[in-house]
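Next come the chains, spelled out residue by residue.
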Amino acid sequence: MTRLATYSADGQEFYGAVTDTGMIALSPDFPQWPTLYDAIRAGGLQDLVTAAKEKPVTHSEFTYEMVLPNAPRILCVGVNFPDRNAEYKDGSTQPKYMSLFPRFASGFTGHDRPLIRPPENHTLDYEGEVAIVIGKTGRRIKAEDAYDHICALTLCNEGTIRDWVRHAKFNVTQGKNWDHSGSIGPWLVPFEKAEQLDEARIQTRVNGELRQDDYLKRMTFPIREEIAYISTFMTLQPGDIIVTGTPTGAGARFDPPRYLKPGDVVEIEVDGIGILRNGVEDEK
């Protein structure tokens, strides 16, 4: 399985291929694409995959970065698994249309780096999700053609400051964008066949305890429909990220709530993609 990541080493930022023994730096060989995002915008993902087969490991010590740290458009789908709407206990019926909100790259960190709990509020929560990366421009994309527009998959911990999503009636943006409150990574896996999504099982563990466990095929609004719906009102472009929705079992839904605290470790796992792992620290 080819894995492409953004990482730091020797005081510089690179992108490259992940191996069991270290990173293969690819960015020095593709100066026309300064970042992994630029490579995707240019349709160069397969060129990177091919180049990685011919090169040795260049870095054995490195730090993961958010996989597309300069992605300008990250759109998240909310309340998208059976029983998720019921978790809110507000008496509302399942909505006819999907819930959408934006997140920004500054709100995410990389694999094996801490989620940051701010001093203003300690209701930091986890949400394990699959994120898709668009690789082909499209507007009003038909659901049956939607997968043709995906170039890669990754994982997301869509970390949320719960109290701050309640500051306004129709606005969750401020609770969803605290600096480094979530993570995306560890890497991108090229999307090659429908089974990578249609048969995917997502699990979230906190300190080894299974909290979320479901299959993407049970989504209320499947990923094909997400792409079709979103592309109705905006042209999807290469490098756009869609965070597709989280199962039941987030910390806010326990009684009493089980929010994240310093020292906790959250792992999100999907076979065929990998494990996204983050600790938790207070903001310094």
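According to the stated counting rule, one finds 9 aromatic pairs in the structure shown. Seen in terms of ring centroids, W164 and W178 are 4.8 Å apart; in terms of plane orientation they differ by 85°. Their pairing is edge-to-face. Residue W164 is located in the loop between β12 (160-161) and β13 (182-190), and its partner W178 is located in the loop between β12 and β13; the two are separated by 14 residues in the primary sequence. On the accessibility criterion, W164 (26% relative accessible area) is partly exposed. By way of ring pairs, the aromatic residues Y7, F14, F62, Y64 and W187 are connected into one cluster.

Okay, helix α5 (residues 223-233) next. Here α5 has its buried residues at I223, E226, I227, A228, I230 and S231. In this structure, the buried residues of α5 make contact with β5 (74-78), β6 (99-103), β10 (128-134), β11 (150-157), α4 (195-198) and β16 (241-243).

Among the surface-exposed residues, Y97, Y229 and F233 lie close enough to one another that they form a single nonpolar patch of about 320 Å² accessible area. By the secondary structure assignment, Y229 is in helix α5.

With that settled, the discussion passes to the pattern of salt bridges. For the structure on display, the rule yields 21 salt bridges. Among the salt bridges present, the one from R103 reaches E158, with a minimum N-O distance of 2.6 Å. Linking R103 in strand β6 with E158 in the loop between β11 and β12, this pair joins segments that are 55 residues apart in sequence. The pair formed by R103 and E158 is uniform in burial state, with each residue classed as buried. Of the charged contacts, one joins D213 and R201 as a salt bridge, the two residues approaching to 2.8 Å between their closest N and O atoms. Within this pair, whereas D213 is found in strand β15 (residues 209-215), its partner R201 is found in strand β14 (residues 201-206), the two being separated by 12 residues in sequence. Assessed through its relative accessible area of 36%, R201 is described here as partly exposed.

Calculation notes
- Residues numbered from 1 in each chain as written.
- Predicted model: local features only at pLDDT ≥ 70, side-chain atom pairs only at ≥ 80, totals over all residues.
- Heavy atoms only, no water.
- Phe/Tyr/Trp six-rings, centres within 6.5 Å; stacked < 30°, edge-to-face > 60°.
- Helix = DSSP H or I, 4+ residues; strand = E, 2+ residues; numbered from the N terminus.
- Buried < 20%, exposed > 50% of the residue type's maximum accessible area, 1.4 Å probe, protein only.
- Contact = heavy atoms within 4.5 Å.
- Patch = residues over 30% accessible without salt bridge, like charges linked within 9 Å, V, L, I, M, F, W, Y side chains within 5 Å.
- Areas by Shrake-Rupley, 256 points an atom, 1.4 Å probe, with all protein chains shown as cover.
- Salt bridge = Lys/Arg side-chain N within 4 Å of Asp/Glu carboxyl O.

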